[in-house]
Amino acid sequence: MISQYLGFDSDYVIIGLAAFCVILFILVVVNMGKTSRLRKKYESFMLGKDAKSLEDTLVTRLNQVDKLLSANETNEQNIRKLFDSMKFTFQKVGLVKYDAFNEMGGKLSFSLALLNKSNDGFIMNAVHSREGCYTYVKEVIDGNSIIALADEEQEALNMAKEMN
């Protein structure tokens with residue numbers, strides 16, 4: 001009766017409602033499966049734990065995280081101090097071995113340049129001869145020496161300055 005007033009066949013309405021029920025049934029089954037998996041995960045998480053022991057575990061972990069953060073901050077401060085003190089240590093090295101006198105051989109004499117990060121330091125020159133070994137030190141400031149350098153000393157200084 002009503003279907004005649006509205007101008008459509010009631011068979012189509014019944015088929016549409018049946019299809020809708022089938023779709024709803026499929027969605028309910030899928031939802032039940034997901035809920036079942038979630039319940040299993042929850043039960044395995046809570047297995048052997050009551051609320052108090054779970055809370056204790058969380059508090060313990062948070063305390064450990066606080067300790068780690070504090071230790072990390074201390075480590076960062078120590079690393080900064082190390083880098084600050086490294087500016088003044090000898091980081092760049094240049095070494096040239098040579099024969100001071102033709103008759104000696106074996107390259108027993110050497111020039112050693114030691115520089116810090118800002119190219120301050122010294123050049124040590126050891127000259128070996130038959131009579132003995134003589135050592136000289138020349139100060140280096142900003143990569144230059146106010147005292148004239150021998151070729152070997154200049155070569156050692158250049159080697160040290162090229163290091164990064």
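Please refer to the structure higher up on the page.
Residues numbered from 1 in each chain as written. Predicted model: local features only at pLDDT ≥ 70, side-chain atom pairs only at ≥ 80, totals over all residues. Heavy atoms only, no water.

Engineer: For this particular structure, what's the right way to read the nonpolar core?
Structural biologist: Most often, soluble globular proteins keep nonpolar side chains buried together rather than apart. With eight residues, the main nonpolar core is built from V96, A113, L115, I123, V140, A156, L157 and A160. Those elements that provide at least two residues to this core are β2 (109-115) and α4 (151-162). Considering each element in turn, this core owes the most residues, three residues, to α4. In contact with I123, not counting residues within four places along its chain, are L112, A113, Y136, V137, K138, V140, L149, E153 and L157. (Core = buried A, V, L, I, M, F, W, Y, C linked by side-chain atoms within 4.5 Å. Buried < 20%, exposed > 50% of the residue type's maximum accessible area, 1.4 Å probe, protein only. Helix = DSSP H or I, 4+ residues; strand = E, 2+ residues; numbered from the N terminus. Contact = heavy atoms within 4.5 Å.)

Engineer: Quick question: what am I supposed to make of the side chain of K138 here?
Structural biologist: With respect to the secondary-structure elements, K138 resides in strand β4 (residues 133-140). By relative accessible area, K138 is classed as buried at 15%. Polar contacts involving the side chain of K138 include one to the side chain of E153, which spans 2.9 Å. Contact partners of K138, with chain neighbours within four places excluded, come to G121, F122, I123, S145, I147, A148, L149, A150 and E153. (Polar contact = N/O pair within 3.5 Å; in protein donor to acceptor, adjacent residues only side chain to side chain.)

Engineer: Can you help me understand α4 in this one?
Structural biologist: Because each turn of an α-helix spans 3.6 residues, side chains separated by three or four positions end up pointing in the same direction. With 12 residues, α4 ought to run about 16 Å at 1.5 Å a step, and its terminal C-alpha atoms sit 17 Å apart, in line with that. Within α4 the residues assigned to the buried category are E153, A156, L157 and A160. Seen from one end, α4 has its buried residues packed into an arc of 100°, which puts them on one side. Projecting away from the buried face of α4 at angles above 90 degrees are the exposed residues D151 and E162. Residues of α4 that are buried make contact with β1 (92-98), β2, β3 (121-128) and β4. (Expected span 1.5 Å × (residues − 1). Arc of directions from axis to C-beta.)

Engineer: Looking at this structure, how should I read the packing of aromatic side chains?
Structural biologist: Here the distance between the centres and the angle between the planes together describe a pair of aromatic rings. The final tally for this structure, using the stated rule, is one aromatic pair. Seen in terms of ring centroids, F90 and F122 are 5.4 Å apart; in terms of plane orientation they differ by 90°. Their pairing is edge-to-face. Of this pair, F90 sits in the loop between α3 (51-86) and β1 while F122 sits in strand β3, and the two are 32 residues apart along the sequence. (Phe/Tyr/Trp six-rings, centres within 6.5 Å; stacked < 30°, edge-to-face > 60°.)

Engineer: I would appreciate a short explanation of a nonpolar patch on the surface in the present structure.
Structural biologist: A cluster of nonpolar side chains, contributed by V22, F25, I26, V29 and V30, occupies part of the molecular surface with about 460 Å² of accessible area. Mapping V22 onto the fold places it in helix α2 (residues 10-46). Using a relative accessible area of 48% as the deciding quantity, one classes V22 as partly exposed. (Patch = residues over 30% accessible without salt bridge, like charges linked within 9 Å, V, L, I, M, F, W, Y side chains within 5 Å. Areas by Shrake-Rupley, 256 points an atom, 1.4 Å probe, with all protein chains shown as cover. Salt bridge = Lys/Arg side-chain N within 4 Å of Asp/Glu carboxyl O.)

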